[in-house]
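Here is what each chain is made of, one letter per residue.
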Amino acid sequence: MIRFDNTWVRDLPGSFLRLAPDVAPDPQLLAWNDALAAELGLDPAVKSHAARWFSGAELPPGADPIAMAYAGHQFGGFSPQLGDGRAHLLGEIVDGQGRRWDIQLKGSGRTPFSRGGDGKAAIGPMLREYVISEAMAAMGIPTTRALAVVATGETVWRDADRLPGAVVARVAASHIRVGSFQFFASRGEMDKLRALMNYTIARHYPHLAADDALGLFDAVTRAQARLVARWMGVGFVHGVMNTDNVALSGETIDYGPCAFMEGYAPGTVFSSIDRQGRYAYANQPLILGWNLARLAEALLPFFDSDEARAVDLANARLGDIAGIYEAEYQAVMAAKLGLAAPDAGLVADLLAGLSGVDWTMFFRRLSEEGGQAVQAMAPGLAEWLARWQAMNPDLAAMRKVNPAIIPRNHLVEAALEAATAGEMAPFHALVAEIRRPFDSATGREGFALPAPEGFGDYVTFCGT
Ligand code: AMP
Ligand code: MG
C-alpha cells in the first residue's frame with residue numbers, strides 16, 4: 001500500500017549516513033494532510049499506520065533511512081559539514097503521474113550531524129511548518145509540504161520549558177540543496193560532485209543532457225528567481241536563506257523563523273538571530289544572487305575544463321541574475337495589479353507610498369473594490385490610485401493572485417499555543433481557512449485582519 005524506493009542511497013554513496021530514526025514511545029497523530037495524501041495517490045489505509053510510520057516508531061515498507069550530508073554558508077560563514085542533525089530521509093515514493101517525492105522525518109532524533117543539538121523538535125514548530133507550507137501550496141508557490149505531524153510522547157526542553165515533542169513528515173521534490181554541492185566541492189570529491197550534478201539533472205531538469213552544468217545552473221537560477229519573486233509578491237520572509245536552505249528544485253524549504261509581513265516595511269525581519277537584517281524582506285533578492293554565486297563556485301570545474309573560461313562563464317551568468325529576478329518580480333507585481341504588461345515605475349511609486357500599510361489587505365481590497373475604496377488605507381497614494389485605475393486593471397484576475405487569507409502571525413501563535421496545551425481545534429480551523437486563500441474573506445473576517453495593536457513585534461526562532 002506504500003512502497004519506498006531509494007535512488008539517493010543507490011546513486012549517491014558518500015553523501016549520507018545510514019541510520020534509523022529514534023523510536024517514538026507514544027506516537028499520536030496530530031495532523032494528517034488528506035489533500036496531500038490524495039495528490040500523492042497514497043492508499044487511504046496508510047493513514048491508519050501514519051502515527052507509527054511517520055514518527056519513527058516503525059519503518060514503512062521499503063524505507064532505508066539516512067541522514068544526508070551537506071555543507072552551507074550560514075549568515076555568510078561557511079560550515080564544511082552541516083547535514084541532517086535531526087532528520088531522517090525514509091526514501092522516495094512515486095505518485096500516479098510518475099513524479100518522485102522524498103519523504104523525510106524531521107525531529108526524529110540525533111545523528112552524527114547533530115553537533116550540540118538534541119535531534120528533536122517541539123510540536124509548535126512542526127505544526128508551524130505544516131500550516132505555513134500549506135498556505136504556500138494553496139497560493140501556488142513551490143514548496144515542500146507536510147504529510148503528517150505526529151506527537152512522539154516525549155518531552156523536549158527548550159530554554160527551561162518542557163514541551164511535547166513531535167515529528168513532521170515532510171514531502172519534497174528532493175532535499176538537494178546548494179549546500180549538498182558545496183559539501184563535495186569543498187572536499188574536492190569531484191566524482192561525487194559530478195554524480196550529484198547528474199542526479200539533479202535527471203531528477204529535476206530531465207530536458208538537460210548529463211554533464212550540462214551551465215544548463216543546470218541556468219535552470220536553477222530561473223526556478224529560484226521565480227520563487228523569490230513569488231515570496232516577495234505575498235510578503236513572505238523566509239528568515240534563513242542560508243545555502244543549506246536553498247533547494248535545487250526551486251521549492252521553498254526549511255520553515256524555521258519565516259513569517260508573512262503585515263505592514264509594508266522593506267526591512268522586515270522576524271528571526272531572533274538575524275540582527276543585521278541579512279535576510280530582511282527586501283534583501284531576499286540580493287541574497288538569492290549571493291546564494292547562486294555559491295552554487296556557481298561549486299559547479300565551476302564543470303562549466304569549462306579551462307579555469308579562466310569557466311570563471312568568465314560564471315561571471316557572465318552572475319551578472320544576469322539581477323535582471324532575471326527583476327523580470328520575474330515585475331511579472332508578479334503586474335499580475336497583483338491586474339495589468340497585462342509590467343510597469344516598474346508604477347510599482348516603485350506604489351511602494352514609495354505604502355509604508356506601514358498592511359500588504360495583504362491593501363492588494364486584496366484593491367482587487368475587490370478598486371482604487372477608491374483603499375484611499376483611506378493609504379492617503380498618500382490618492383494620485384497613484386487614480387493613475388492605476390485609469391489603466392483598466394482586471395480586478396477578477398487580481399483576486400486570483402492576491403490572497404484574502406494568509407497565516408496571520410497572531411493566529412498562528414494562538415493555534416500553536418493551544419496545540420501545545422493539547423487543544424488542536426484552533427490549528428485545524430486555521431488550516432481550513434488558509435487552504436482557500438483566494439476566496440472572499442466575507443464570513444471569515446477574523447482570519448483576514450492584521451494582528452491587534454497589543455500583539456507587538458513578532459519574533460521567530462530557528463532550529464526550535
Ligand atoms: P535549520 O536552521 O533548521 O536549517 O538547521 C540548521 C542545521 O542545524 C541543520 O544541520 C539541522 O539539522 C541542525 N539542527 C537544527 N535543530 C537541531 C536540533 N534540535 N538538533 C540537532 N540538529 C539541529
Ligand atoms: Mg536547514
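Structure shown above.
Residues numbered from 1 in each chain as written. Chains lettered and ligands numbered in written order. Predicted model: local features only at pLDDT ≥ 70, side-chain atom pairs only at ≥ 80, totals over all residues. Heavy atoms only, no water.

K.L.:
Report on the overall build of the protein, specifying residues and quantitative values.
P.N.:
Looking only at helices and strands, the protein features 16 helices and 11 strands. Relative to the compact-globule value of 23 Å for 464 residues, the protein shows a C-alpha radius of gyration of 22 Å, a close match. Referenced to the eigenvectors of the C-alpha coordinate spread, the extents of the protein come out at roughly 60 × 60 × 45 Å. A total of 464 residues make up the protein; the buried ones form 57% of that total. The long-range share in the protein, meaning contacts at least 24 apart out of those at least 6 apart in sequence, stands at 71%. (Helix = DSSP H or I, 4+ residues; strand = E, 2+ residues; numbered from the N terminus. Rg over C-alpha atoms; globule rule 2.2 N^0.38 Å. Buried < 20%, exposed > 50% of the residue type's maximum accessible area, 1.4 Å probe, protein only. Contact = heavy atoms within 4.5 Å.)

K.L.:
Go over the side chain of Arg444, please, and point to the residues and values.
P.N.:
Structurally, Arg444 can be placed in the segment after helix H16 (425-434). According to the relative accessible area criterion, Arg444 is buried, its value standing at 6%. At 3.0 Å, the side chain of Arg444 forms a polar contact with the side chain of Glu433. The residues touching Arg444, leaving out its near neighbours within four places in the chain, are Ile405, Glu433, Arg436 and Asp439. (Polar contact = N/O pair within 3.5 Å; in protein donor to acceptor, adjacent residues only side chain to side chain.)

K.L.:
Explain the pattern of salt bridges residue by residue, including any values.
P.N.:
Summed over the entire model, instances satisfying the criterion amount to 33 salt bridges. Residue Asp358 pairs with Arg408 through a salt bridge whose shortest N-O separation is 2.8 Å. Linking Asp358 in the loop between helix H10 (344-352) and helix H11 (359-369) with Arg408 in the loop between helix H14 (395-398) and helix H15 (409-420), this pair joins segments that are 50 residues apart in sequence. No difference in accessibility class separates Asp358 from Arg408, as the two residues are buried. Arg436 serves as the salt-bridge partner of Glu433, at 3.4 Å between the closest nitrogen and oxygen. Counted as one network, the salt bridges with shared partners bring together Lys106, Glu129, Arg170, Arg177 and Asp254. (Salt bridge = Lys/Arg side-chain N within 4 Å of Asp/Glu carboxyl O.)

K.L.:
Mind laying out the pairing of strand S9 (residues 161-172), listing which residues take part and the relevant values?
P.N.:
Relative to S9, strand S7 (residues 100-106) runs antiparallel, the two sharing 5 bridges. When the bridges of S9 are listed, Ile103 appears paired with Val171. The antiparallel hairpin formed by strand S8 (residues 145-158) and S9 contains 2 residues in its connecting segment, where Asp159 sits at a positive phi of about 50 degrees. (Pairing = 2+ DSSP bridges.)

K.L.:
I'd like a rundown of the packing of helix H6 (residues 190-204) against helix H8 (residues 284-303), residues and numbers included.
P.N.:
Between H6 and H8, whose axes approach to 11 Å, the crossing angle comes to 100 degrees. Classified by the angle their axes make, H6 and H8 are roughly perpendicular. Here Met190, Leu193, Arg194 and Met197 of H6 come into contact with H8, specifically with Ala298, Leu299, Pro301 and Phe302. Looking at the contact of H6 with H8 residue by residue, the class counts come to 7 nonpolar, no polar and 1 charged. (Axes fitted to C-alpha atoms, helices over the stretch in contact; angles between N-to-C directions. Parallel < 35°, antiparallel > 145°, perpendicular 65-115°, else oblique. Nonpolar A, V, L, I, M, F, W, Y, C, P; charged D, E, K, R; others polar.)

K.L.:
Quick one: what's the story with the site of ligand 1, residue by residue and with numbers?
P.N.:
Around ligand 1, 18 residues are found, and the nearest of them are Gly83, Gly85, Arg115, Asp118 and Gly119. At a separation of 3.3 Å, an oxygen atom of ligand 1 approaches a polar side-chain atom of Asp254. Summarising the interface, the protein chains cover 86% of the accessible area of ligand 1, which totals 480 Å² for the free molecule. A per-class count over the shell around ligand 1 returns 2 nonpolar, 8 polar and 8 charged. (Near = heavy atom within 4 Å. Areas by Shrake-Rupley, 256 points an atom, 1.4 Å probe, with all protein chains shown as cover.)

K.L.:
Can you lay out the nonpolar core for me, pointing to particular residues and giving the numbers?
P.N.:
Core analysis: the largest hydrophobic core is formed by 121 residues, its most contacted members being Trp8, Phe181, Leu337, Leu354, Phe362 and Phe427. Per-element accounting of this core gives the leading share, 14 residues, to helix H7 (residues 213-234). If we ignore the near neighbours within four places in the chain, the residues touching Phe362 are Leu350, Leu354, Val357, Val374, Met377, Ala378, Leu381 and Leu385. If you look at the next biggest cluster of nonpolar residues, it comprises 25 residues, including Ala63, Ile103, Leu147 and Ala173. (Core = buried A, V, L, I, M, F, W, Y, C linked by side-chain atoms within 4.5 Å.)

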